[in-house]
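Chains, contacts and geometry: an overview
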Amino acid sequence: MKLSFNSACVHGAYRAESGQPQELPIAQSTTYRYYSTDDVAALFDLKSADHMYTRISNPTVAALENKMALLEGGVAAVAASSGQSATLMTLLNICEAGDHILASTNIYGGSHNLITVSFAKLGIAHTLVDPDAPLEEIVAAATPRTKALFAETLGNPALSVLDFEKWSAAAKQLGVPLIVDNTLATPYCCRPLEHGANIVLHSTTKYSDGHATSVGGMVIDGGTFDWTAGGKYPGLTTPDESYHGLVYTEAFGPSAFAVKLRGQLLRDFGAVMAPQNAWLTHLGLETLHVRMQRHCENALALAEHLEASPYVEWVNYPGLKSNKYHDLAKKYLANGAGGVLTFGVKGGLAAGKKFIENLDMTSLVVHVGDLRTSVLHPSSTTHRQLSEADQIAAGIRPELIRVSVGIEDIGDILADFDQALAAACR
Ligand SMILES: Cc1ncc(COP(=O)(O)O)c(C=O)c1O
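In this section: the sheet that holds strand E5 (residues 178-181). If you trace the seven strands from one edge of the open sheet to the other, you get E1-E7-E6-E5-E4-E2-E3, paired in mixed fashion. Both edges of this open sheet fall to strand E1 (76-80) and strand E3 (125-129), since each of them pairs with a single strand only. Going across the sheet, the axis of each strand differs from the next one's by a mean of 20 degrees, ignoring polarity. With five bridges connecting them, E1 and strand E7 (residues 217-221) associate as antiparallel partners. Within E7, the position partnered with Ala79 by the bridge is Met218. In this fold helix H4 (residues 83-92) packs onto E1, strand E2 (100-104), strand E4 (146-152), E5, strand E6 (199-203) and E7, with an angle of close to 155 degrees to the strand it touches most, E6.

Structure follows, in structure tokens:
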């Protein structure tokens, strides 16, 4: 039976057989036993979908992968040790030295650093483009070696909402996949594959886990991109000698990208998710729909409250009617504009620091997307490696405070912010 989104969060794809544990078992094993050498040989030729070794796949991790593929509407998913390694492997699955990535300016600081600094050292070039630039400008920023368009549904922390229609049109014109980091929106708020994205990725460390227990990442293959058109992706369309000449697109059709990522990049780089972390993340996803509903409601209520506060200079939340992304949010984030907002305290950076230090229930953490309300000053932390100009381009003013609005009672959240604002601005 085809489950609704909410039921898919609860049940996923794991179904206990009669007499088996109702809760997903943790396969805390590196290894799987076989009785035939031919069976093992088939594993090494990618002819068998059985588990071989936990660096490549594991039953508990597979249950999480299947659940994420289900929630995002993809054909396959591959888990990774972190959001960073999910981004790394996604891009390296189709880019090599000499290639070029066209990315939005409004991406997470770690992704920005990966693309602009670490990939540059590997000979992979990039151009950053304002996500709100006209279609022609985005297309013009590409080169003949552009292999991917990369953007976030909800930019962290600029909270820009991606214009999927425009970005997917650009990707189609260029004949490259649109890769979207959907970490802040989650599939509860937006399913990028339904709006023209080809590959979706997540830091599952955030809302998927939801309880700040496990670092992890996920790559979901939409199965919609034709890797054979245009001859741009020989890694997928020509023989892989490390698998005796196997051609991924011929052998695996729509899930070629995911199979290559697992068979080559997880095998060679080893950035694998641990079964225990997969189990905790799978458990977290069981309540994703309930948590996200509350995160969105609380974030909108706090944004409206801060907008009316005499101590607040500005508030940025796409769910606010006054927000420049409100129309895009209505179009692409129909279930709510997420749990993150940013704002500036009157009195700038100094008052902002005082505000953070006067919070009581709300914690100062280098994190976003768990069930507790928390704050962060991105300019001096997550984005400190960017120049001031790059910070401004990424939508980060020096005084910006990022709030990850939790699922506590909204009255308590508002009271904590009010007292800390009053203390900071007195
Ligand atoms: C949007 C986004 N993508 C990717 C990452 C990287 O994820 P991780 O910290 O799990 O490596 C983060 C981390 O904050 C993020 O916010």
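Past the structure itself, the notes keep going.
Right, let's get into the pairing of strand E12 (residues 401-404). Side-chain alternation along E12 places Ile401 and Val403 on one buried face and Arg402 and Ser404 on a second face that is also buried. Relative to E12, strand E9 (residues 340-345) runs antiparallel, the two being bridged by four bridges. Note that in E12 the partner of Thr342 across the bridge is Arg402. Bridge analysis of strand E11 (residues 374-376) against E12 gives three bridges, and the strand direction is antiparallel. Residue pairing in the sheet places Ser374 in a bridge with Ser404 of E12.

Among the secondary structure elements, Thr105 is positioned in the loop between E2 and helix H5 (109-121). Other than its neighbours up to four places away in sequence, Thr105 contacts Leu128, Val129, Asp130, Pro131, Ala393 and Ala394.

Next up on the list: the sheet that holds E11. Spatially, E8-E9-E12-E11-E10 is the arrangement adopted by the five strands of the open sheet, whose pairing is mixed. With one partner strand each, in any of the chains shown, strand E8 (312-316) and strand E10 (363-364) form the two edges of the open sheet. Of the strands in this sheet, E9, E10, E11 and E12 touch helix H15 (residues 348-358), which is tilted by about 120 degrees from E9.

Reading the values: the criteria
- In this convention, every chain numbers its residues from 1, walking through the sequence in written order.
- Selection of residues for local features in this predicted model requires a pLDDT of at least 70, selection of side-chain atom pairs for listing and counting requires 80 or more, and totals for whole chains, interfaces and linings are taken over all residues.
- To obtain the side-chain values, all non-hydrogen atoms of the structure were included, while hydrogens and water were left out.
- Any two strands with at least two DSSP bridges between them are considered paired.
- The helix and strand labels rest on DSSP assignments: H or I over at least four residues marks a helix, E over at least two residues marks a strand, and numbering proceeds from the N terminus.
- For helices, the axis comes from a line fit to the C-alpha atoms of the stretch in contact; other axes are also lines fit to C-alpha atoms, and the angle between any two N-to-C directions lies between 0 and 180 degrees.
- Contacts are assigned to residue pairs with any non-hydrogen atoms lying within 4.5 Å of each other.
- Only protein chains enter the accessibility calculation, which uses a 1.4 Å probe. A residue is then buried if its area is under 20% of the maximum for its type, exposed if over 50%, and partly exposed in between.

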